[in-house]
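Observations on the three-dimensional arrangement
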Amino acid sequence: MTMAVCPGSFDPITNGHIDVIQRSAQIFDKVIVLVMDNYRKRANQTFTAEERVELIEKSTRHLNNVAVDEYDGLLAQYCENNSINVIIKGLRAVSDYEDEFQQALTNSVLNPDVETVFMAASSDNMFLSSSVVRQVCELGGDISAFVPPEILDAEMASNKGKID
């Protein structure tokens, strides 16, 4: 069985994330969507890790070979602990590549048995990021085109009272 992990902070999960997860699920026998803590984004988190896991489970329940987990450690170690040898990373633009490439090289040193596969975002989602979704939502904009319907209410509720 070929297992892959699709890591991210997913705060919130977007249609771009769902697209990469669905496409990965067509390629691999099992895909684990791994909610991780991004130390660079801690101050701006909207949802707890547990809430993000729950929202992702709701958004991916139609995919039989997708599971959701959370981890607060090194991705390379998670892969080793769970016999996973493929990491899926979605790329929206060339600017994503530099950071993701550095992470891939680091992971391959920490765990030589793991390979990183880069998956280009579909053209419909190349502009989309969790940060953009949060900003549009905080400013009262309609985010329904950007997130799965299963999390729309949760995202809107999390931003009540943030704008005067």
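Refer to the structure presented above.
Structural notes, computed from the coordinates. Here, residues in each chain are numbered from 1, in the same order as that chain's written sequence. The predicted nature of this model means local features are confined to residues of pLDDT at least 70 and side-chain atom pairs, given and counted, to a pLDDT of 80 or more, with totals for whole chains, interfaces and linings taken over all residues. Water and hydrogen atoms play no part in the side-chain values, which are based on all heavy atoms of the structure.

Right, let's get into the overall build of the protein. Each helix is a run of DSSP H or I of at least 4 residues and each strand a run of E of at least 2, with the numbering of both proceeding from the N terminus. Helices and strands together make up the secondary structure of the protein, namely six helices and five strands. Along the protein, helices and strands appear, N-terminal first, in the series β-α-β-α-β-α-β-α-β-α-α. When each of the 164 residues of the protein is scored for burial, the buried share is 45%. Note on contacts: a residue pair qualifies if any of its non-hydrogen atoms lie within 4.5 Å across the two residues. The contacts of the protein with a sequence gap of at least 6 include a subset with a gap of at least 24, amounting to 75%. Under the convention used here, a 1.4 Å probe and the Shrake-Rupley method define accessible areas, while residue burial counts only the protein chains that appear. Roughly 9000 Å² of accessible area belongs to the protein as shown, and the carbon and sulfur atoms make up 49% of that amount. Residue exposure (1.4 Å probe, protein chains only): buried if accessible area is under 20% of the type maximum, exposed if over 50%, otherwise partly exposed.

What follows deals with a nonpolar patch on the surface. A grouping of Tyr97, Phe101 and Leu105 is seen on the molecular surface, where their side chains present a nonpolar patch of about 270 Å² in accessible area. If you trace the backbone, Phe101 turns up in helix H4 (residues 94-110). Without a salt bridge and with relative accessible area above 30%, a residue can belong to a patch; like charges are then joined within 9 Å and nonpolar side chains (Val, Leu, Ile, Met, Phe, Trp, Tyr) within 5 Å. Salt bridge, as used here: a side-chain nitrogen of Lys or Arg that lies within 4 Å of a carboxyl oxygen of Asp or Glu.

Attention now moves to the pattern of salt bridges. Per the counting criterion, the structure on display carries four salt bridges. Residue Lys58 is joined to Glu54 by a salt bridge in which the shortest nitrogen-to-oxygen separation is 3.5 Å. Taken together, the residues Lys58 and Glu54, both in helix H2 (residues 49-60) and four residues apart, mark about one turn of the helix. In this structure Glu54 comes out as partly exposed when scored by relative accessible area, which is 43%. Residue Arg92 pairs with Asp96 through a salt bridge whose shortest N-O separation is 3.1 Å.

The next point concerns the sheet that holds strand E3 (residues 66-71). As summarised here, the arrangement of the five strands in space is E3-E2-E1-E4-E5, forming an open sheet in which the pairing is parallel. Of all the strands in the sheet, the pair left with one neighbour each is E3 and strand E5 (115-120). Strand after strand, the sheet turns through a mean of 30° between neighbouring axes, direction not considered. Across six bridges, the pairing between strand E1 (residues 3-8) and strand E2 (residues 30-36) is parallel. When the sheet's bridge partners are listed, Ala4 is paired in E2 with Val31. Lying over the sheet, H2 contacts E2 and E3, oriented at roughly 170° with respect to E3. In this analysis an axis means a line fitted to C-alpha atoms, helices contributing only their contacting stretch, and an angle means the value between N-to-C directions, from 0 to 180 degrees. Across the sheet, H4 is in contact with strand E4 (86-91) and E5; its angle to E4 comes to roughly 170°. Here a strand pair is declared whenever DSSP counts at least two bridges between the two strands.

A separate point is the packing of aromatic side chains. Two rings belonging to Phe, Tyr or Trp (six-membered ring only in the last case) form a pair when the distance between their centres is within 6.5 Å. Interplanar angles under 30 degrees mark stacking, angles over 60 mark edge-to-face geometry, and anything in between is tilted. Taken as a whole and assessed by the stated rule, the structure comprises four aromatic pairs. Taking the centre distance of 5.3 Å and the plane angle of 25° together, the rings of Tyr97 and Phe101 count as stacked. In this pair, Tyr97 and Phe101 are both assigned in helix H4, four residues apart and thus about one turn of the helix distant. An aromatic cluster of at least three residues, connected via ring pairs, comprises Tyr97, Phe101 and Phe118.

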